[in-house]
Amino acid sequence: EVGRTVSAIRDTNQLLSDAVKIIQSGFDFYLVQIYLVEVNQATILLRAAEGQAAARLLEQGHFLAINTASINGTAVSQKQAVVVPNTTENVRFRPNPLLPDTRSEMAIPLLVADKVIGVLDLQSNVVNTFTEENVPAFTALASQLAVALENAALFSENEKTSTEIKQVLAGTAL
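A brief structural summary. Remember, predicted model here, so these are calculated numbers, not experimental data. (Residues numbered from 1 in each chain as written. Predicted model: local features only at pLDDT ≥ 70, side-chain atom pairs only at ≥ 80, totals over all residues. Heavy atoms only, no water.)

1. Describing the sheet that holds strand S6 (residues 115–124)
Moving on, step 1. With respect to topology, 6 strands assemble into an open sheet ordered S3-S2-S1-S6-S5-S4, the strand pairing being antiparallel. In the strand order of this sheet, the two ends are held by strand S3 (63–65) and strand S4 (82–84), each with one partner. For this sheet the average axis-to-axis angle between neighbouring strands, irrespective of direction, equals 20°.
Moving on, step 2. Sheet analysis places strand S1 (residues 31–37) next to strand S2 (residues 43–51), joined by 7 bridges and oriented antiparallel. By the bridge assignment for S2, Val 37 is matched with Ile 44.
Moving on, step 3. Across the sheet, helix H2 (residues 12–27) lies against S1, S2 and S6, angled at about 50° from S2, the strand it touches most. (Pairing = 2+ DSSP bridges. Helix = DSSP H or I, 4+ residues; strand = E, 2+ residues; numbered from the N terminus. Axes fitted to C-alpha atoms, helices over the stretch in contact; angles between N-to-C directions. Contact = heavy atoms within 4.5 Å.)

What follows is the structure, given as structure tokens:
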């Protein structure tokens, strides 16, 4: 359902919003987030979230450094999924006071041609919701999402270029 839905959307913000809503409701996760890599390539910015404290995190402009100090930063910097079956037993898990019930977490990089454009973060309030066995399915989902995001960006760029060309042509026709 996620793949079908996101592949048809050309607006990046709508795509991100719809994707987190479908994933969160479809799997009944505590929180689903999508961070995108910032232009500076040093941070990831929360662009969409659904679930516990989602609106508050978005309002705060939540971001993380791309390094191994966090689960999401590690997934981006190492270009591979990070699975934390039990957050109480993992040193990379950084508790957020807005999310006191996170017990299991998985972060999957959004890859396009070996380039990380962001990360899909899934959180559950149940220990062992995420295990290494879940990685292939959610990696496939993250791949579909990454391609849809890239297509939306290309579509937007194409629309902008087309508008600029029309403006130039209209100016020369006068």
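2. Thoughts on helix H4 (residues 71–78)
Moving on, step 1. H4 sits mainly inside the fold: 6 of its 8 residues count as buried.
Moving on, step 2. Its buried side turned inward, H4 meets S1, S2, S3, S4, strand S5 (104–112) and S6.
Moving on, step 3. The backbone nitrogen of Gly 73 lies 2.9 Å from a side-chain oxygen of the residue at the head of H4, namely Ser 70.
Moving on, step 4. Looking one or two residues past H4, Lys 79 carries a phi angle of roughly 55°, positive in sign. (Buried < 20%, exposed > 50% of the residue type's maximum accessible area, 1.4 Å probe, protein only. Polar contact = N/O pair within 3.5 Å; in protein donor to acceptor, adjacent residues only side chain to side chain.)

The analysis is restricted to geometry; functional conclusions fall outside its scope.
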